[in-house]
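Notes for the structure review
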Amino acid sequence: VLVVAIVVRYLEDNKISWGGIPIPAVFISVMNTVVPAFCKIISSYECHDADGDYQLFLYSKITLVRWVNTAILFTVITPFDKTIDSQDGLLKNVFSVFLAEMVTAPALKMLDFLSHFKKHILAPRCKTQTEMNLHFRGTFYFLAERYTDMTKIFFLTCWYAVIFPVGYFWGAVSLGVYYWTDKFCLMRTWAAASALGTQLSKLSRQFFAINVLALAVLSSYWWSGFPYDNLCSCGNLDNQNREECDVEYFRSQLIQSGSTWDNVTINLDCSDPDSVENLICFPNQVWSNVTVSAQENLDLEPTRLRSNVNSTVNITDMHFYCNQDLLRQSLFPAIPEFWSGQTWMTTDQYRLSTMFGWASVAFLIGLLWLMFGNDIMGKVFAQFKNTYDPFATKDQYIDFSCVPEIFGYVPQYVHKQFQYPLLACDTDGIDTNLIPWECDSSGFDYWNLIYDVDGWPGQTRTRSHRASTVDTIPNATPVFSLIKHYPPAWYNEEDKGTEGS
């Protein structure tokens, strides 16, 4: 994430583009495509009991990185006063990210250079059928990665909803493009994915809830920041008693010969030096605290104030510096009453910011309750009453063997160099229908690792036939995994009837 931020900041500062296309947004989209590969390398060093748990942690890593790259990054590197600048500010970058994510990522998935290279270049030159089949397996994909493609667009839309409301439209278009490209790849180019439980879908609900929370929280910050110039007007009734808005104080500062100030903006028109008298003109000065309209004969030393002029000054509008960026100040909630927001906000803006600020607090409490409320209440109630429900575990009279869609847990090892998974257990004691894949005419024994080693403890036969001469150790622990199936009596009777027919 840090490397992406540095590169994007460099590209943004140097205004690098190609054919009118902003390179920073394209770079972010490409990096979002590459990020899963790095996350998979990190996850490969972790230990997980099931593939569902592995993808659960993979989902969390990819989502965090993609959210930061896609939405949060430009908020951090863009100056506050460039937030709503349509020419060279945050809005232009957000629009570029939407377009890049809508085009770049789906295009890379559809092109799938590596898969096409294997199918059209390597496969025709293979010497065996098995080797050629390996090149036609398709591209492996993870359901966790597909979830993050959807959540990053939703998060980007929610993050900039207030200042970029057209993002709802572009977000819908992007999700539509993702749907059709994923559907095509799933049916045509991708390999079959492993069966998973409900871990990812449950975690995804929490991520969608976080997106809604981001919508509420960031909306309050965006509304509080208008007009994004860090200037407070002395015309505001709440600011008239401030020292910065004291006309006499400001006039006394102006007549000091040779004085210069920071935080002052002087807007002058000295084009007609003979038009007025007794006014002060400060050519070649740029400050940012007060706006002054003044005209006067040009001095021979334009960088100094004239000491012999009348101190009468026409002040049309006075402003002073005030930090309107509550987000970078980490002030939460963004309720103007708490952070002196009335110094720069209009009445309607103050009201909207207050509503969204309290809404963000409500959404935060709701999210915490959604994530931890049931567990907390369950532990509390368990201290005062019996929570056991005898009907919750009522026998449904549906045997495991009655559901052909349910497979057994068969120990196996999946490797990209083999066409089928490698079994790591003795499958003689189970129905082969419990194995969650079908092999070719060579049979399951051909893909079973236990027959690649002869004489291991507990071995009953060699590959494809019984052997009474196998060297075994009585009562020894088998080297490979054990798997057993104990079907009901009616199941065995049906098998016998099937064999007899």
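**Re the state of the cysteines**
Summed over the entire model, instances satisfying the criterion amount to 1 disulfide. Put simply, Cys232 and Cys322 are joined by a disulfide, and their sulfur atoms are 1.9 Å apart. Between Cys232 and Cys322 the sulfur-sulfur dihedral comes to about 100°; the bridge is accordingly right-handed. Of this pair, Cys232 sits in strand 3 (residues 231–233) while Cys322 sits in the loop between strand 4 (319–321) and helix 11 (347–382), placing them 90 residues apart in sequence. According to the relative accessible area criterion, Cys322 is buried, its value standing at 8%.

**Description of the packing of helix 4 (residues 90–111) against helix 8 (residues 167–188)**
Two elements in contact, helix 4 and helix 8, have axes separated by 10 Å at closest approach and are oriented at 5°. Taken together, the axis directions place helix 4 and helix 8 in an arrangement best described as roughly parallel. Contacts between helix 4 and helix 8 involve Phe95, Phe98, Leu99, Glu101, Met102, Ala105, Pro106, Lys109 and Met110 on the former and, on the latter, Gly167, Trp170, Gly171, Val173, Ser174, Val177, Tyr178, Thr181, Asp182, Phe184 and Cys185. Split by residue class, the contact of helix 4 with helix 8 holds 13 nonpolar, 4 polar and 3 charged.

**Section: the nonpolar core**
Of all hydrophobic cores here, the largest spans 49 residues; its most connected members are Phe74, Trp159, Tyr160, Ile163 and Trp222. Looking at this core, the elements with two or more residues in it are helix 1 (2–13), helix 2 (23–43), helix 3 (51–77), helix 4, helix 7 (143–159) and helix 9 (199–225). Leave out the neighbours within four places in its chain, and Ile163 touches Thr83, Leu90, Leu91, Trp222, Phe226 and Tyr228.

**Here's the deal with helix 8**
Taking 1.5 Å as the rise per residue, helix 8 with 22 residues should run 32 Å; its terminal C-alpha atoms sit 31 Å apart, in good agreement. As for helix 8, its buried residues are in contact with helix 4 and helix 7.

**A look at the packing of aromatic side chains**
In this structure the tally under the stated criterion is 24 aromatic pairs. Consider the rings of Tyr54 and Phe142, whose centres lie 6.0 Å apart with planes at 55°: the pair is tilted. Pair noted here: Tyr54 is in helix 3 and Phe142 is in the loop between helix 6 (129–135) and helix 7, with a separation of 88 residues, a long-range link. Their ring planes at 50° and their centres at 6.4 Å tell us that Phe95 and Phe164 sit as a pair that is tilted. With Phe95 in helix 4 and Phe164 in the loop between helix 7 and helix 8, this pair connects stretches of sequence that are 69 residues apart. A relative accessible area of 30% means that Phe95 is categorised as partly exposed. In textbook terms, an aromatic cluster arises when at least three aromatic residues are bridged by ring pairs, as seen for Tyr59, Trp67, Tyr147, Phe155, Trp159 and Phe207. Between the NZ or CZ atom of Lys109 and the centre of the ring of Tyr178, over which it lies, the distance is 5.0 Å.

**Quick notes on the side chain of Glu145**
By secondary structure assignment, the location of Glu145 is in helix 7. Leave out the neighbours within four places in its chain, and Glu145 touches Pro36, Lys40, Ile62 and Arg66.

**Digging into the environment of Asp81**
Here Asp81 is to be found in the loop between helix 3 and helix 4. Judged by relative accessible area, Asp81 falls into the partly exposed class, the value being 47%.

**Digging into the confidence of the model for the protein chain**
Taken over all residues, the pLDDT of the protein chain has a mean of 78, while the share at 70 or more is 76%. Mean pLDDT across the elements of the protein chain ranges from a minimum in strand 8 (residues 465–466), with 56, to a maximum in helix 8, with 94. Low confidence marks residues 255–316, where pLDDT is under 50. Its contacts with residues over four positions away, or in another chain, come to 104 contacts.

Reading the values: the criteria
- Residues numbered from 1 in each chain as written.
- Predicted model: local features only at pLDDT ≥ 70, side-chain atom pairs only at ≥ 80, totals over all residues.
- Heavy atoms only, no water.
- Disulfide = S-S within 2.5 Å.
- Helix = DSSP H or I, 4+ residues; strand = E, 2+ residues; numbered from the N terminus.
- Buried < 20%, exposed > 50% of the residue type's maximum accessible area, 1.4 Å probe, protein only.
- Axes fitted to C-alpha atoms, helices over the stretch in contact; angles between N-to-C directions.
- Parallel < 35°, antiparallel > 145°, perpendicular 65-115°, else oblique.
- Contact = heavy atoms within 4.5 Å.
- Nonpolar A, V, L, I, M, F, W, Y, C, P; charged D, E, K, R; others polar.
- Core = buried A, V, L, I, M, F, W, Y, C linked by side-chain atoms within 4.5 Å.
- Expected span 1.5 Å × (residues − 1).
- Phe/Tyr/Trp six-rings, centres within 6.5 Å; stacked < 30°, edge-to-face > 60°.
- Lys NZ or Arg CZ within 6 Å of the ring centre and 35° of its normal.
- pLDDT = per-residue confidence, 0-100.

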